[in-house]
Amino acid sequence: MGQKQSKDEAGVQVVNIKRREDALNVYPDSITNQSERPLSTSTDQKNTTSTDTTDSAVTQSGNMIEAVVGEAKDFKDGHMQEVEVGDQKVLLVKEDGSFYAIGNKCTHYGAPLSKGAYCKGVVRCPWHGACFNVKTGDIEDFPGLDSVQKFQVEVKDGKVLVRADPAALENSKRVKPMVKKSSDNNKSVVLIGGGPASVVCAETLRQEGFTGKIVLVTRETALPYDRIKLSKALSIKPEEIALRNKDFYDSHDIELKLNTEVTKIVPSEKKVELQDGHSLKYDTLVIATGGQPRLLPIPGADLKNVYTLRTPQDANAIAENSHGKNVVIMGSSFIGMEVAAFLADKAASVSVVDLVQVPFQLTLGQELGTHMKQMHEGKGVKFYFDTSVKEFKGEDGKLTEAVLANGTVLPADVCVMGVGVVPATNFLKDSGLELTPRGFVTVNKNMRTNIPDIYAAGDIVEFPLFIANNQQANVQHWQMAHQHGKIAGLSIAGKAQDIHSVPYFWTVQYGKSIRYAGYGPGYDDIILHGDVDDNKFVAFYTKNETVVAVASLGWDPIVSQAAELMSKGGVIKKDDIKSDPDNWVSKLCTL
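Residues numbered from 1 in each chain as written. Predicted model: local features only at pLDDT ≥ 70, side-chain atom pairs only at ≥ 80, totals over all residues. Heavy atoms only, no water.

Undergrad: Would you explain the overall build of the chain in this entry?
TA: Helix and strand content of the chain: 10 helices and 41 strands. Sorting the 591 residues of the chain into buried and exposed places 58% on the buried side. Expressed as a percentage of contacts within the chain between residues at least 6 apart in sequence, the contacts between residues at least 24 apart total 61%. Of the accessible surface of the chain, which amounts to about 24400 Å², a share of 45% is contributed by carbon and sulfur atoms. (Helix = DSSP H or I, 4+ residues; strand = E, 2+ residues; numbered from the N terminus. Buried < 20%, exposed > 50% of the residue type's maximum accessible area, 1.4 Å probe, protein only. Contact = heavy atoms within 4.5 Å. Areas by Shrake-Rupley, 256 points an atom, 1.4 Å probe, with all protein chains shown as cover.)

Undergrad: I'm lost on the nonpolar core in this one. Help?
TA: Considering soluble globular proteins, one finds that nonpolar side chains tend to be buried as a cluster. Among the nonpolar cores identified, the biggest contains 73 residues, and I265, V272 and I287 are the most heavily contacted of them. Beyond its immediate sequence surroundings of up to four residues, I287 is in contact with I192, I265, F427, L428, L433, I454, Y455, A456, A457 and I460. Membership of the second largest hydrophobic core comes to 49 residues, among which are I241, V327, A347 and I526. (Core = buried A, V, L, I, M, F, W, Y, C linked by side-chain atoms within 4.5 Å.)

Undergrad: Please clarify how the side chain of D165 should be interpreted in this entry.
TA: Within the fold, D165 resides in the loop between β14 (159-164) and α1 (166-170). At a separation of 2.9 Å, a polar atom in the side chain of D165 contacts the main-chain amide nitrogen of A167. (Polar contact = N/O pair within 3.5 Å; in protein donor to acceptor, adjacent residues only side chain to side chain.)

Undergrad: Teacher, can you tell me more about the sheet that holds strand β22 (residues 284-287) here?
TA: Consider a sheet: its strands pair through backbone hydrogen bonds, and that pairing is either parallel or antiparallel. Pairing is parallel across the open sheet formed by five strands, whose spatial order is β18-β17-β16-β22-β34. Unpaired on one side and paired on the other, β18 (254-257) and β34 (454-456) mark the two borders of the sheet. Neighbour-to-neighbour, the strand axes of the sheet open up by a mean angle of 20 degrees, direction not taken into account. The strands touched by helix α8 (residues 478-492) are β16 (188-192), β22 and β34; relative to β34, the strand with the most contacts, the crossing angle is about 165 degrees. (Pairing = 2+ DSSP bridges. Axes fitted to C-alpha atoms, helices over the stretch in contact; angles between N-to-C directions.)

Undergrad: I tried to follow the packing of aromatic side chains on my own but got confused; where do I start?
TA: Scanning the model with the defined rule gives eight aromatic pairs in all. Aromatic side chains F505 and Y516 sit 4.7 Å apart centroid to centroid with 25 degrees between the ring planes, which places their arrangement in the stacked category. Of this pair, F505 sits in strand β37 (residues 504-509) while Y516 is found in strand β38 (residues 512-518), placing the two residues 11 residues apart along the sequence. You can call F505 buried: its relative accessible area is 12%. When its relative accessible area of 4% is taken as the criterion, Y516 is described as buried. (Phe/Tyr/Trp six-rings, centres within 6.5 Å; stacked < 30°, edge-to-face > 60°.)

Undergrad: What should I look at first to understand the sheet that holds strand β11 (residues 139-141) in this one?
TA: Read across the sheet, four strands follow the order β8-β9-β10-β11 without closing on themselves; strand pairing throughout is antiparallel. Lying at the two open borders of the sheet, with one neighbouring strand each, are β8 (117-119) and β11. Geometrically, the sheet is characterised by an average inter-axis angle of 30 degrees between neighbouring strands, direction not taken into account. Where strand β10 (residues 131-133) lies against β11, two bridges are found, and the strand directions are antiparallel.

Pasting the structure below:
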């Protein structure tokens, strides 16, 4: 087998080798196919019905299904395998001589966990990196909110027998037991912000036995929702992407105050002041207000149909007004390019304007950015790089043109400003909280701020990132916001744990999903394997001689394997991947 290695002009080492054929499936992570995302529900295993089966290896014992899934001697220690129990798939793992069985579908989007990464009792989803403990089924890292079901396993006469409740087999999602508010507990926790950090924090508190009052305050008008879908599916409705339904919050005594904005916090009085003139007292405060779109001082930016994208209302308005129209998108990072992908076959034209040279340049590099540019150009998207929008022009108060700094005039019925976000922390400036010059809240490994009984989480914080030698970092990933909420909740409940999570994100464009794990700022080289033009590649971002991040398309589950290795303290060296991108994967079994 021949190999060719070269150094391109952007400093990327491109290695062309035969691809690993069992790793080329691009798993379907559709944004709008809600059937791939079962509703978050709890399964009561006492309420079951019998299930008949004609499989000779499956028997019915009372309300339980029993299935012989193999010979014990055939299962390797430290490995996982998908097995059939009734008509469902179950994940079976042998670890330290013992067998464990859990639901095989990730609770985020139903990805097969058997296709993911496994190490020392934790399986990581191949699509988006959520982690589950195989001994308990509990979710340990995110995205997603729910745990998976756990099933009984017994070795009898040399055979592995799995017992499962039929209802649990049908719905692999499981909500961990949660307490409710108690009248004899006067403590209150106020959470500011309606994103995943607040939701996970509230649920963690109830799961860990906190029986005081929990109030979630958000200026959003909708129930907390999956915000990252907005740029991928602009016409989606908030109720379709709600993280939990209203009954869930009510049944677990989590009070919601929607359409309510906090204008000030007063730590000396332990209260938050609201825009309507009222205030809330707290014993513990969690601030997770997220980011707000960056606004550029461009003449004409106040014209109608010049949008930022933050809420479902923004997304829906962009979708509605872009059909058959000329759309200009400012910014070529993830929000801008996901919007472009959604509108490419709907708008009359889509033009992307940015100061950089290729999309995703700062994150993915020149080589992959060029490929993404070509992918979009194949769908009719036009790019205007090394320039910016100088002025918007309109008629009767409505946008008609975007004038670029290089003199180009673009017809524009709609403009989407996707030029990044800034932390929504202006209301904290006189609070005494330690803020960075850019407005981020500084927290420690337990998400504590410098003021007692105040925590912060999500996109607004800088926290010690363990894979970056605990340097303070701002990581604006959906997955990380979940984990921040969990860590804050554990701290408040008196069960503090240090934040120990590997950053993980993904983007979906034209049905192709790029996954990325690690912390790439400051990388000095990229080792690229596979065939970029064939949409099957893996890129290793290195700093000195160490891999600091991994991105892939069509090479699952290598990004999840890398994330799991990093999480367990493993290191991928540059020499490990120069000739073979999978050479290091065997380390997962030896950590």
